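The chain contents come next:
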Amino acid sequence: MNEEQKIFDGKLFSPGAPELKAIKLRSHNLCSEYNRTFEDETEKRNQLVHEIFAEFGEGSFVQGPMQIHYGRHTKIGHHVFLNFNLMIQDDAPVTIGNHCDFGPGLTIVTPVHPLVAKERRALYDPDGTARRLCWAKPVVIGDNCWFGANVTVCPGVTIGEGCVIGAGSVVTRDIPANSFAAGVPARVIRPITEADSLKNNPGLLGDYLCEPPCEK
């Protein structure tokens, strides 16, 4: 079994294995190239994001700069906005749904290291060869989510559709759909309901509408 397949199977793997280092180097170099582009170089940026990510949906946009570890382990849906200073350490797969908006400083991490210090330094093959090993857990973010600035999503977390995550939160456990969660570690504050609609705040809404006007 190769090292990349070990990641997908949730097994210990060697992040320093040549096959994995080659994947990461390619992604790192492509990210560096993206980060050197100007914002109005739309054609070049579009080409690069499709080279970096396994999937990158129609109408999605990365403000940049960004640093993506593997790239080909991440799928991004349609009409997703990713603000400044995006970091995705996608050893395990990362899946982001459609119509999501992310504030600056989003960090998504999937790898997990041993808690015992000597095991972080080395684990051993049956023949006694020392290796630095870790494992990784996938992250899934559902459709229609909004994250404030500087949110960190930890390994193995699933965030349901329609969630809002408060700025500065560290999400260490699953968040059910249509929830507002915040804090370190993040906890569900309350469900998001129709009471949160801007139609209940006409002073802020002004002349804008929450639904398209009816055709006459």
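Keep in mind it's a predicted model, so treat the numbers as computed, not measured.

**So, the nonpolar core**
Buried together is how nonpolar side chains tend to be arranged in soluble globular proteins.
Argument step 1. Counting residues in hydrophobic clusters, the biggest one holds 36 residues, and the most contacted among them are M66, I96, F102, I108, I141, F147 and I159.
Argument step 2. Of all the elements in the fold, those that place two or more residues in this core are α2 (18-35), α3 (42-52), β3 (66-68), β6 (86-89), β7 (94-96) and β14 (139-141).
Argument step 3. Filtering out sequence-adjacent residues up to four positions away, I159 remains in contact with V140, I141, G142, C145, F147, V153, I165, V171 and I175.
Argument step 4. Listed in part, the 9 residues of the second largest apolar core include A17, I23, A92 and C134.

**Some details on α2**
Argument step 1. The end-to-end C-alpha distance of α2 is 25 Å, a good match for the 26 Å that 18 residues give at a rise of 1.5 Å each.
Argument step 2. Along α2, the residues classified as buried are L20, I23, K24, S27, L30, C31 and Y34. Angular distribution of buried residues about the axis of α2 spans 125°; they occupy a single face of the element. What points out from α2, more than 90 degrees from its buried face, is the exposed set P18 and L25.

**Concerning the packing of aromatic side chains**
Argument step 1. Counted according to the given criterion, the structure contains 3 aromatic pairs.
Argument step 2. Taking the centre distance of 4.8 Å and the plane angle of 85° together, the rings of F102 and F147 count as edge-to-face. Within this pair, whereas F102 is found in strand β8 (residues 101-102), its partner F147 is found in strand β15 (residues 146-147), the two being separated by 45 residues in sequence. Here F102 matches F147 in class, with each residue buried.

**Some details on the sheet that holds strand β1 (residues 55-56)**
Argument step 1. An order of β1-β4-β7-β14-β17 is seen for the 5 strands of this open sheet, with the pairing classed as parallel. The open sheet has two free edges, formed respectively by β1 and β17 (158-159), since each of these has just one partner strand.
Argument step 2. Where β14 meets β17, 2 bridges bridge the pair, whose relative direction is parallel. The residue of β17 that forms the bridge with I141 is I159.

**Digging into unusual backbone geometry**
Among all residues except glycine, the phi angle is most often negative; among peptide bonds, the trans geometry is most common.
Argument step 1. For the bond running from G64 to P65, omega is 0°, close enough to zero to count as cis.
Argument step 2. Its location among the elements puts P65 in the loop between β2 (61-62) and β3.
Argument step 3. P185 follows V184 through a cis peptide bond whose omega is -5°.
Argument step 4. Inspection of the secondary structure puts P185 in the loop between β20 (179-182) and β21 (187-191).
Argument step 5. Positioned with a positive phi, H99 is a non-glycine residue whose angle comes to about 55°.
Argument step 6. With respect to the element layout, H99 can be found in the loop between β7 and β8.
Argument step 7. In this model, N150 sits at a positive phi of 60°, which is unusual for a non-glycine residue.
Argument step 8. Mapped onto the elements of the fold, N150 is located in the loop between β15 and β16 (152-153).

**Considering the sheet that holds β8**
Argument step 1. One open sheet accounts for 7 strands, arranged β2-β5-β8-β15-β18-β20-β21; its pairing is mixed. Either end of the sheet is taken by a strand with one partner, and the two such strands are β2 and β21.

**Observations regarding the layout of surface pockets**
Argument step 1. Here the largest pocket defines a volume of roughly 160 Å³.
Argument step 2. E194, D196, S197, L198, K199, C210 and E211 together form the lining of the largest pocket.
Argument step 3. Of the residues assigned to the lining of the largest pocket, the class counts are 2 nonpolar, 1 polar and 4 charged.

**What to know about the pattern of salt bridges**
When charged atoms on two side chains of opposite charge get close, those side chains can pair.
Argument step 1. Scanning the entire structure with this criterion turns up 7 salt bridges.
Argument step 2. Where E55 meets K75, a salt bridge forms, and the shortest distance between an N and an O atom there is 3.9 Å. Taken together, the residues span a long stretch of sequence, with E55 in strand β1 and K75 in strand β4 (residues 74-76) at a distance of 20 residues.
Argument step 3. In this structure E55 comes out as partly exposed when scored by relative accessible area, which is 42%.
Argument step 4. Among the residues examined, K75 registers a relative accessible area of 40% and is labelled partly exposed.
Argument step 5. Among the ionic pairs, R190 bridges to D196, the shortest N-O distance being 2.9 Å.
Argument step 6. On the basis of relative accessible area, D196 is assigned to the partly exposed category, the value being 33%.

Quick notes on the rules
Residue numbers here run from 1 along each chain, matching the order of that chain's written sequence. Given that this is a predicted model, residues contribute local features only at a pLDDT of at least 70 and side-chain atom pairs are listed and counted only at 80 or more, while totals for whole chains, interfaces and linings are drawn from all residues. Water and hydrogen atoms were dropped before computing side-chain values, which therefore reflect all heavy atoms in the structure. Think of a nonpolar core as a cluster: buried Ala, Val, Leu, Ile, Met, Phe, Trp, Tyr and Cys residues, connected wherever their side-chain atoms sit within 4.5 Å. Relative accessibility decides the category of a residue: with a 1.4 Å probe and only protein chains considered, values under 20% of the type maximum give buried, values over 50% give exposed, and everything between is partly exposed. Per the convention used, a helix needs a DSSP run of H or I reaching at least four residues, while a strand needs a run of E reaching at least two, with both numbered from the N terminus. Only heavy atoms enter the contact rule, under which two residues are in contact if any of them lie within 4.5 Å. Multiplying 1.5 Å by the residue count of a helix minus one yields the expected span of that helix. This arc corresponds to the set of directions leading from the helix axis out to the C-beta atoms. Two rings belonging to Phe, Tyr or Trp (six-membered ring only in the last case) form a pair when the distance between their centres is within 6.5 Å. Interplanar angles under 30 degrees mark stacking, angles over 60 mark edge-to-face geometry, and anything in between is tilted. A pair of strands is treated as paired once DSSP finds two or more bridges between them. Definitions used for this entry: grid spacing 1 Å over protein atoms alone; cavity, a set of points where a 1.4 Å probe fits but cannot get out; pocket, an open set with protein on both sides within 12 Å along at least 5 of 7 lines; lining residue, one with an atom within 4 Å of a point. Grid points are joined across faces, edges and corners, and a volume is the space filled by probe spheres set on the points. In the scheme used here, Gly and all other residues not listed as nonpolar or charged are polar, with Ala, Val, Leu, Ile, Met, Phe, Trp, Tyr, Cys and Pro taken as nonpolar and Asp, Glu, Lys and Arg as charged. What makes a salt bridge here is a side-chain nitrogen of Lys or Arg within 4 Å of a carboxyl oxygen of Asp or Glu, nothing more.

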